[in-house]
Amino acid sequence: MTHNILVVEDEAKIASFVQKGLSEEGYHVDWAQDGRAGLEMALTGTAAGRPWDLIVLDIMLPDLDGLDVCRQLRAKGRQVPIIFLTARDGVNDKVLGLDLGADDYLTKPFAFEEFLARCRSLIRKAEQRADTSLRLSDLILDTKQRRVERAGQVIDLSTKEFALLQFLMENSGKVLSRMEISEKVWDIHFDTTTNVIDVHINRLRKKIDHGFDLKLIQTVRGSGYTLGQE
């Protein structure tokens, strides 16, 4: 699987060097030249709607400095690995950057092999943490943090909606009957006289699929529901 890296760097020569080196290692790399553009790209994900696997972030940027970019990403709950790559080499700068939520801090000038090793390490650690995540297309459910997002947008779900979506994602592609959903999510025997499951499915569908061309929650007439791509 190709990993996606966002480089936020205003110096074109450095950005080109980093982008070329990472691309030669098989990474897909996009570049933002100022902090505000970098923040927007970091929040929206790649052009294909995929989340970033790593963000390489300078501190001294036009429009919005890298510290503010990092601060806002963490405030919005984004857990993407961030490595500062900057000329700011003071101890206080490093402490502040790490305290704001960065995962690593490397100063310029730098050895590319060391930088590459740090990138690999951060991505590897993130993938190990991602074992708690369920993914389908651009929909991500983190069972540990009890967090759901689609195309980088955080979706607020009730406890029951979260449990329902988790069950659907754990069985994506499989048609689930109302009886199965009732017993697994509600832990009760299915009552044919109630429409509680249909109501919750409809609420979940509005939150998960509304505004997206690709509809993930599908009704299989006479059988139940399934989560998958049309």
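Computed from a predicted structure; not experimentally measured.

Glancing now at the layout of surface pockets. Any space left empty among the atoms is revealed by the rolling of a water-sized probe across them. Roughly 880 Å³ of internal volume is contained in the largest pocket. Among the elements of the structure, helix H2 (35-44), helix H5 (112-129), strand S6 (133-136), strand S7 (139-142) and strand S8 (147-150) are those that each provide at least two residues to the lining of the largest pocket. At four residues, the largest contribution of residues to the lining of the largest pocket is made by H5. Of the residues belonging to the lining of the largest pocket, the class tally is 13 nonpolar, 11 polar and 13 charged.

Backbone-to-backbone hydrogen bonds join strands into a sheet, with any given pair of strands oriented parallel or antiparallel. Spatially, the five strands line up as an open sheet ordered S2-S1-S3-S4-S5, and their pairing is parallel. The open sheet has two edge strands with one neighbour each: strand S2 (28-32) and strand S5 (104-107). Recorded for the sheet is a direction-independent mean angle of 20° between the axes of neighbouring strands. For strand S3 (residues 54-57) and strand S4 (residues 82-86), the ladder comprises three bridges, and the chain directions are parallel. Within the sheet, the bridge partner assigned to Val-56 lies in S4 and is Ile-83. In the packing of helix H4 (residues 91-99) onto the sheet, contacts are made with S4 and S5, and the angle to S5 comes to roughly 150°.

Examined against the element boundaries, Tyr-105 turns out to sit in strand S5. Given the relative accessible area of 8%, Tyr-105 is considered buried. Considering only alpha carbons, one finds Tyr-105 and Phe-115, 10 residues apart in sequence, at a separation of 9.8 Å. Residues in contact with Tyr-105, not counting those within four places in the same chain, are Ile-59, Ile-83, Phe-84, Thr-86, Arg-88, Asp-93, Lys-94, Leu-98 and Arg-118.

Inspection of every chain in the model, using the stated rule, returns 14 salt bridges. Each of Glu-9, Asp-58 and Lys-108 takes part in one network of salt bridges that share partners.

Grouped together as the largest cluster of nonpolar side chains are 24 residues, with contacts concentrated most on Val-148, Leu-165, Ile-181, Leu-204, Ile-208 and Leu-227. Listed by contribution, the elements that provide at least two residues to this core are S7, helix H6 (159-170), helix H7 (178-186), helix H8 (196-209) and strand S11 (224-227). When residues of this core are assigned to their parent elements, the largest contribution, six residues, is made by H6. Setting aside its immediate chain neighbours within four residues, Val-148 contacts Leu-139, Ile-140, Leu-141, Gln-153, Val-154, Ile-155, Leu-157, Phe-162, Leu-165 and Ile-208.

With that settled, the discussion passes to the sheet that holds S6. Reading across from one edge, S6-S7-S8-S9 is the order of the four strands in this open sheet, with antiparallel pairing throughout. Each end of this open sheet is capped by a strand with a single partner; those strands are S6 and strand S9 (153-155). Strand after strand, the sheet turns through a mean of 20° between neighbouring axes, direction not considered. The pairing of S7 with S8 spans four bridges and is classified as antiparallel. Each bridged residue has a counterpart across the sheet, and for Leu-141 the counterpart in S8 is Val-148. Where H6 meets the sheet, its contacts fall on S6, S7 and S8, and the angle it forms with S7 comes to roughly 115°. The sheet strands contacting H8 are S7, S8 and S9, and the helix crosses S8 at an angle near 55°.

What follows is about a positive patch on the surface. Together, Arg-120, Arg-124, Lys-125, Arg-129 and Lys-144 make up a region of like positive charge exposed at the surface. Within the secondary structure, Lys-144 sits in the loop between S7 and S8. Classification of Lys-144 as exposed rests on a relative accessible area of 68%.

The rules behind these values
- Residues numbered from 1 in each chain as written.
- Predicted model: local features only at pLDDT ≥ 70, side-chain atom pairs only at ≥ 80, totals over all residues.
- Heavy atoms only, no water.
- 1 Å grid on protein atoms, 1.4 Å probe; cavity = no way out; pocket = protein on both sides within 12 Å on 5 of 7 lines; lining within 4 Å.
- Points joined across faces, edges and corners; volume = space filled by probe spheres on them.
- Helix = DSSP H or I, 4+ residues; strand = E, 2+ residues; numbered from the N terminus.
- Nonpolar A, V, L, I, M, F, W, Y, C, P; charged D, E, K, R; others polar.
- Pairing = 2+ DSSP bridges.
- Axes fitted to C-alpha atoms, helices over the stretch in contact; angles between N-to-C directions.
- Contact = heavy atoms within 4.5 Å.
- Buried < 20%, exposed > 50% of the residue type's maximum accessible area, 1.4 Å probe, protein only.
- Salt bridge = Lys/Arg side-chain N within 4 Å of Asp/Glu carboxyl O.
- Core = buried A, V, L, I, M, F, W, Y, C linked by side-chain atoms within 4.5 Å.
- Patch = residues over 30% accessible without salt bridge, like charges linked within 9 Å, V, L, I, M, F, W, Y side chains within 5 Å.
- Areas by Shrake-Rupley, 256 points an atom, 1.4 Å probe, with all protein chains shown as cover.
- Lys, Arg positive; Asp, Glu negative; His and termini not counted.
- Charge placed at Lys NZ, Arg CZ, Asp CG, Glu CD.

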